[in-house]
Amino acid sequence: MKQVVVHPEKCVGCMQCMTACATAHSVSLSLFSATQEKPLPKPRIHIGASLYGRGFPNRCRHCDPAPCLLACLPGAIYRKPATATVLINPDLCINCASCAMACPFGVIRYHEDNWAPPGKTVAIKCDNCISRQAVGLVPACVEMCKSGALTFEPVAEAQNRKTREITQTIWPEPVTVATGKFDGFELLQAIKKSQHNLATAC
Amino acid sequence: MNHVIIGNGIAGIQAAETIRYLDPTAFITLFAAESHPPYCRPMISLMLEGRISSDRLAIRNPHFYDDLQIRSIAGAYVTSIDVDAHAVTIDDHEPIFFDRLLIATGADPRTMKIPGHALNNIFPMRTVSHVENMLTDISTARHALVLGGGLVGFKAAYGLMRRNIPVTMLIRSEYPLSMQVDDIAGGMILDRLKANGLTVRTGIDALAFEGDSRVREAHLSDGSVLACDRVIVGKGVQPAVGFIPKDRIPVDLGVLVNTNMETGIPGIYAAGDVAECIDRVRQCPWINAIWPEAAMQGRVAGMNMAGRTVSYPGSLGRNVIRIFDLDVMTAGLINPEPDDGYQIYSRIEPRLPVYRKFVLKDNRLLGFILINRIETGGRLVSLIQRQFPLSASEMGILKTL
């Protein structure tokens, strides 16, 4: 299953994902008319300044088990296993902020929204763009991200790639060994490197 | 394995679900003193406020017990525990035997033993029945008196004010929620309540109630008399430990438990408001009688009862409250003893208004108060729970929150 993966080291803090997110959750789905909507569509992804003033794309991790889901008093927060998404039912939400106290990442906001009953303040957070996914689109933040800080892929794949990248930084080139004593070792490395190059090429 | 759970609050329910998840063949018996199906206790104040009806309180579907094959005995109060025979009894009935027992009886509201305390229209506020009783002929209410400025008294007053009923609140300390906030935050809350029509009298208590069958007036400790037709008593709760043999099972204020939620007797566990375990920031036995900790303790107790050894790192007191347009979130230690090596940072912007207070020791966050802009407060709760020492730059981020 593909999920949004965050690569904070690549974030340049341009905040275009926030605009894209707000637009994707507007009624008109167009940036220009979305700015005129009431209530004004708001982003579910938040760029915060991390240490040393660097940008950090902060969005719901859709944890399992999810602390917000366990803390929700009226049972408004639920999980949709098909997309590994934690969702909030705006009809049941009572705006008690118990989820704000439970979320260790601070990604839940409270405001009116065009998919909640009019005039009602409810808890709002990332929904993995499931309505976009249903028609074959990737989440809006990923589509917009220019720096590669947000990708949409199976988590295991992202982890493997990361492992390979880290391995490369530790041991970037095969070592040339002078004596013939370690030939087997050198051969093994050469095979691994060619395998890696093949994998990254496809 | 034969499991008996006393109590159908959130701790008991979570334990029953956890046991069933880990052991499909376990035999589970659950005693429920309240005959209502499992419901969300913190939401009863919303019912008083009129924001929700009682059918919105349920936290499980009506067939919950049958679905999980739990034998539930409703409206039953366990009267004794036989530690040696591993059995519980209700009055003179046949004993019910157990291999593992969970005490999750919660807590009962403290009553006021003053003249006239048994008059009609004097209510505690703990169960859905209490609120239902309050709501019968609520439209005739002319003036309500709320005793106690803790969470219950505060929520009762807020609910009645939302119904446009004039409310007088008597509190012994100088500001409401004195267990949850400090004097500055308490003052801000008090101002907001007063601005919305609440009459607050501090440093004062009721000495007697008078009336024919219903309460008509209250005599106060300063000699004055206050006319009232509803009284809500919010004088705190005490763990429901009356039936527990204290010579066998160690009981302090609540039932003492270890990190596996097990009492001094192997095979007997306790969880929720009745259990006393280590407080994460005080590092001593303490009862943090709050819903999320009760839920967590119930889960941990259930896992241990079903044979999966899991430890619970201790409880953390925390609360989040919205009062008119003021949002308040607090957690952990907020009024530490002075000169004990605590680092305290606070910041106030009275015009917004925004208030922040952080309590640290050895660069570890122990508690905080946030007034307004509380959305990301969960990160601070997490910092307290992890007890991770903060670097100078991380402290800088704290200060700008």
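Not measured: the values here are computed from a predicted model.

1. Quick word on the packing of aromatic side chains
- Inspection of the entire model under this criterion finds three aromatic pairs over all chains.
- Between Tyr158(B) and Phe324(B) the ring centres are 4.9 Å apart and the planes differ by 75 degrees, which places this aromatic pair in the edge-to-face class. Note that Tyr158(B) is positioned in helix α5 (residues 151-162) and Phe324(B) in the loop between β22 (318-323) and β23 (326-332), a separation of 166 residues in sequence.
- Judged by its relative accessible area of 9%, Tyr158(B) falls in the buried class.
- Residue classification places Phe324(B) among the partly exposed positions, given a relative accessible area of 22%.
- Here the aromatic residues Phe154(B), Tyr158(B) and Phe324(B) are joined through ring pairs into a cluster of three or more.
- Directly above the aromatic system of Phe105(A) lies the positively charged group of Arg61(A), at a separation of 3.8 Å from the ring centroid.
- The ring of Phe388(B) has Arg386(B) lying over it, and the distance from NZ or CZ to the ring centre is 5.4 Å.

2. With respect to the interface of chain A and chain B
- Contact residues are listed per partner, giving 20 residues for chain A and 25 residues for chain B.
- Surface buried jointly by chain A and chain B totals about 1,900 Å² across both partners, of which 64% is contributed by carbon and sulfur atoms.
- Seen at the junction of chain A and chain B, the total is zero salt bridges.
- Viewed at the interface, chain B and chain A are joined by four residue pairs in polar contact (both at pLDDT 80 or more).
- Looking at the side of chain A that touches chain B, the element that brings in the most residues is helix α4 (residues 98-102) of chain A, giving three residues.
- Residues of the side of chain A that touches chain B, tallied by class, amount to 15 nonpolar, three polar and two charged.

3. A few points about the pairing of strand β5 (residues 85-88) of chain A
Residue and element names in this part refer to chain A.
- Going residue by residue along β5, you find Thr 85 and Leu 87 tucked away on one face and Val 86 and Ile 88 tucked away on the opposite face as well.
- In the sheet, strand β4 (residues 77-80) pairs with β5 via four bridges, with the strands oriented antiparallel. Counterpart to Arg 79 in the pairing with β5 is Val 86.

4. Side note on the sheet that holds strand β16 (residues 230-233) of chain B
All names here are of chain B.
- Across the sheet, which stays open at both edges, the five strands sit in the order β9-β16-β10-β11-β12 with parallel pairing between neighbours. The two strands at the open ends of the sheet, each matched to only one other strand, are β9 (122-124) and β12 (199-202). Neighbour to neighbour, the strand axes of the sheet diverge by 20 degrees on average, direction disregarded.
- The pairing of strand β10 (residues 144-147) with strand β11 (residues 167-171) spans four bridges and is parallel. If you follow Leu 147 over to β11, its bridge partner there is Leu 170.
- Most of the contacts of helix α4 (residues 128-135) go to β9, to which it runs at about 155 degrees, and overall it touches β9 and β16.
- Helix-sheet contacts for α5 involve β10, β11 and β16, and the interaxial angle to β11 is about 170 degrees.

5. Concerning the domain arrangement of chain B
- Along its sequence, chain B is organised into domain 1 (2-108 + 237-305), domain 2 (111-233) and domain 3 (325-400).
- A C-alpha centroid distance of 33 Å is found between domain 1 of chain B and domain 3 of chain B.

6. Here's the deal with the domain arrangement of chain A
- Here chain A is described as being made up of domain 1 (2-153) and domain 2 (157-201).
- Centre-to-centre separation of domain 1 of chain A and domain 2 of chain A, based on C-alpha positions: 39 Å.

7. A look at the sheet that holds strand β18 (residues 255-256) of chain B
Residue and element names in this part refer to chain B.
- With mixed pairing, three strands are arranged side by side in an open sheet as β18-β20-β21. Strands with a single pairing partner mark the edges of an open sheet, and in this sheet they are β18 and β21 (285-286).
- Pairing of strand β20 (residues 275-278) with β21, which is carried by two bridges, proceeds in the antiparallel orientation. Its bridge partner being in β21, Cys 277 is matched across the sheet by Trp 286.

8. Notes on the pattern of salt bridges
Residue and element names in this part refer to chain B.
- Evaluated as defined, the whole model comprises 24 salt bridges over all chains.
- For Arg 248, the salt bridge is made with Asp 84, and the minimal N-O distance between the two is 3.0 Å. Of this pair, Arg 248 sits in the loop between β17 (237-239) and β18 while Asp 84 sits in the loop between β4 (80-82) and β5 (87-89), placing them 164 residues apart in sequence.
- A salt bridge links Asp 279 to Arg 282; the nearest nitrogen and oxygen atoms lie 3.0 Å apart.
- For Arg 282, a relative accessible area of 31% translates into the label partly exposed.
- In the salt-bridge network here, residues are joined through shared partners; they are Asp 137, Arg 214, Asp 229 and Arg 230.

Reading the values: rules and limits
Residues numbered from 1 in each chain as written. Chains lettered and ligands numbered in written order. Predicted model: local features only at pLDDT ≥ 70, side-chain atom pairs only at ≥ 80, totals over all residues. Heavy atoms only, no water. Phe/Tyr/Trp six-rings, centres within 6.5 Å; stacked < 30°, edge-to-face > 60°. Helix = DSSP H or I, 4+ residues; strand = E, 2+ residues; numbered from the N terminus. Buried < 20%, exposed > 50% of the residue type's maximum accessible area, 1.4 Å probe, protein only. Lys NZ or Arg CZ within 6 Å of the ring centre and 35° of its normal. Contact = heavy atoms within 4.5 Å. Buried area = accessible area lost by both parts, 1.4 Å probe. Salt bridge = Lys/Arg side-chain N within 4 Å of Asp/Glu carboxyl O. Polar contact = N/O pair within 3.5 Å; in protein donor to acceptor, adjacent residues only side chain to side chain. Nonpolar A, V, L, I, M, F, W, Y, C, P; charged D, E, K, R; others polar. Pairing = 2+ DSSP bridges. Axes fitted to C-alpha atoms, helices over the stretch in contact; angles between N-to-C directions. Domains from an automatic or database assignment.

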